[in-house]
Every structure is written in C-alpha cells, then in structure tokens.
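# Residue-level structure breakdown
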Amino acid sequence: MTTPGPDKIVARVEWLSGDYEKSLETIKSAIANTDPSKDLLQRADAYLLAARAEISLGRQAESEMNLLAAKSSLLGMETSRQNALAWRELGDIYSGLGFLEDAIDAYRQALQEAGVAASPLAFSDLKIAEKGVNRPQR
C-alpha cells in the first residue's frame, strides 16, 4: 500500500483546518515532487485534495481541472483494490458538484477496481435523479 508523503499529510490537515490557500500551496508542492510516470495513485490523491481545496475557495473551474488530472492519473494505472477509494472520492466530488453522470462513471470504476460487479440497476436512483436535475454546464 502506498503511504502519503509528508506534504500530502500536512496539506490534508491544513484543508481540514480551513486553511484552504495554504493547503493548495502545499499540495501543489507535493504534486511537483512526484514522478508523473510512477506515482500515479499519489498524484491522483493529491489532485483530488487540490480539487477539494479549490471547491472550498469557490473556484469550480480550477477544481474541475484537478479532477480531470486525477482521473487521468487513475486511468493510467492497472486495476487494483487500492485505486477503488480514489475512484470513489472522485465520484463523491463529482456528485457534490452536480455532475451526476461523471459521478456514476467514477462509482462504476470504483466498483470495478474493488472487484465488485455492478448490477445494471445499481445506479438507477442516480439516473432518475439526473433526469430531474439540470446538469451544470461545463
């Protein structure tokens, strides 16, 4: 199991403490110190935290760029149960932003990574909710 580096731990504590700007600064440093070809899960997790910090600062466009970077890192990895949590977090963030189709895709990927077969009906409530909610424009 990959353990988070000290910068990521500090950034998470800063974010949880409400110091979003400092958290973002720390997480950007953590991202810069990872190897884009090797530390894919660490990078994905860092991008997810950066997205949460941007959302907390009211910067949705910037958060979406971080979400895309996280997704890109996750898609570059081999399937493993370890990745399921990151995919689930990606789904949670997308859901919170109202991007239900993206959330459903991330949740499906989380289930696949965890080795759980998704029933065709597993996301029926979300699909129904999506029909009743206007999808935010990107």
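Worth saying up front: this structure is predicted, and the values here are computed from it rather than measured.

## Thoughts on the pattern of salt bridges
For the structure on display, the rule yields 7 salt bridges. With a shortest N-O distance of 3.5 Å, Arg-12 and Asp-45 are connected by a salt bridge. Of this pair, Arg-12 sits in helix 1 (residues 6-16) while Asp-45 sits in helix 3 (residues 40-56), placing them 33 residues apart in sequence. Residue Asp-92 pairs with Arg-88 through a salt bridge whose shortest N-O separation is 3.3 Å. A residue pair is termed a helical-turn pair when its members lie 3 or 4 positions apart in one helix, as Asp-92 and Arg-88 do in helix 5 (residues 81-97) at 4 residues. Overall, Arg-88 belongs to the partly exposed group, its relative accessible area being 42%. Residues joined in a network through salt bridges with shared partners are Lys-8, Arg-12 and Asp-45.

## Describing the side chain of Glu-89
Secondary-structure assignment places Glu-89 in helix 5. Among residues more than four places away in sequence, those in contact with Glu-89 are Asp-45, Leu-48 and Arg-52.

## Re the packing of aromatic side chains
For the structure on display, the rule yields 1 aromatic pair. Taking the centre distance of 6.3 Å and the plane angle of 70 degrees together, the rings of Tyr-94 and Phe-99 count as edge-to-face. We note that Tyr-94, like Phe-99, is buried.

## Points about helix 6 (residues 100-114)
With 15 residues, helix 6 should cover 21 Å at 1.5 Å per step; its first-to-last C-alpha distance of 21 Å lies within 8% of that length. Burial in helix 6 covers these residues: Leu-100, Asp-102, Ala-103, Ile-104, Ala-106, Tyr-107, Gln-109, Ala-110, Glu-113 and Ala-114.

Here is what the cut-offs are and how they apply
- Residues numbered from 1 in each chain as written.
- Predicted model: local features only at pLDDT ≥ 70, side-chain atom pairs only at ≥ 80, totals over all residues.
- Heavy atoms only, no water.
- Salt bridge = Lys/Arg side-chain N within 4 Å of Asp/Glu carboxyl O.
- Helix = DSSP H or I, 4+ residues; strand = E, 2+ residues; numbered from the N terminus.
- Buried < 20%, exposed > 50% of the residue type's maximum accessible area, 1.4 Å probe, protein only.
- Contact = heavy atoms within 4.5 Å.
- Phe/Tyr/Trp six-rings, centres within 6.5 Å; stacked < 30°, edge-to-face > 60°.
- Expected span 1.5 Å × (residues − 1).

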